[in-house]
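Spelled out from the first residue to the last, the chains are:
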Amino acid sequence: MESMKLWRADKRDFNVGDVITSANEFASLNPKGSNEIEQVFEHRRPDGKPNRVGCLYLFENEVVAKQHWSKMADGKLYEVELRDEPILHRGDMRFVDAAFASSDISTIEKCAIDYWEGIETEKPRIEILATRATIVQVISKDQVERRTYLMNWPPP
């Protein structure tokens, strides 16, 4: 399997060569209401797909990763590779966001189905679910840079 270049925003401190896995804090650190949405996504999860809780979330697009990182207090940004690690799922985060923004159960269910089917929105924000990844570059651990990026978002 060829290695794949991806990005990870994380609060943990890593160095080049470190192999990272999920911190397993997803359920406890997400905003109020997220767990109910995740239950719908879990209920709609097809056989053979991983439970989102416990996966390592990686970004396929560096700009999307930087946007997420810029909003993360004490966040660090890394370039990572999947080395002989399978992609467990590739999904458009916009469906997760749309589900969270909705109070209509049928809309939430439709978002979950589309996410798991790998459908992409017009401007997708792709997340890769994996078990582990290897740090190949520390892009930034600088909190001033992170805040500056946030203040200047979106780019011109």
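Everything here concerns the structure above.
Residues numbered from 1 in each chain as written. Predicted model: local features only at pLDDT ≥ 70, side-chain atom pairs only at ≥ 80, totals over all residues. Heavy atoms only, no water.

Caption draft 1: Up close: the environment of Glu25. Relative to the helices and strands, Glu25 is located in the loop between strand E2 (19–21) and helix H1 (26–29). Exposure remark for Glu25: the relative accessible area of 41% places this residue in the partly exposed category. Along the chain, Glu25 and Gly54 lie 29 residues apart, while their C-alpha atoms are 8.2 Å from each other. (Helix = DSSP H or I, 4+ residues; strand = E, 2+ residues; numbered from the N terminus. Buried < 20%, exposed > 50% of the residue type's maximum accessible area, 1.4 Å probe, protein only.)

Caption draft 2: A look at the pairing of strand E4 (residues 76–82). Taking burial as the measure, the 7 residues of E4 include 7 buried ones, the bulk of the element. Across the two faces of E4 the burial is the same, with Lys76, Tyr78, Val80 and Leu82 and Leu77, Glu79 and Glu81 all buried. Bridge analysis of E4 against strand E7 (residues 132–140) gives 5 bridges, and the strand direction is antiparallel. Within E7, the residue paired with Glu81 across the bridge is Thr134. (Pairing = 2+ DSSP bridges.)

Caption draft 3: Spotlight on the packing of helix H2 (residues 34–43) against helix H5 (residues 105–117). Relative orientation of the contacting elements H2 and H5 amounts to 55 degrees, with a least axis distance of 9 Å. The orientation of H2 relative to H5 falls into the category oblique. The handedness of the crossing between H2 and H5 is right-handed. On the side of H2, the interface is formed by Ile37, Val40 and Phe41, while H5 contributes Ile105, Ile108, Glu109, Cys111, Ala112, Tyr115 and Trp116. The class makeup of the residues in the contact of H2 with H5 is 9 nonpolar, no polar and 1 charged. (Axes fitted to C-alpha atoms, helices over the stretch in contact; angles between N-to-C directions. Parallel < 35°, antiparallel > 145°, perpendicular 65-115°, else oblique. Left-handed = near helix turned anticlockwise from the far one by under 90°. Contact = heavy atoms within 4.5 Å. Nonpolar A, V, L, I, M, F, W, Y, C, P; charged D, E, K, R; others polar.)

The values reported here are purely geometric and, on their own, carry no functional implication.
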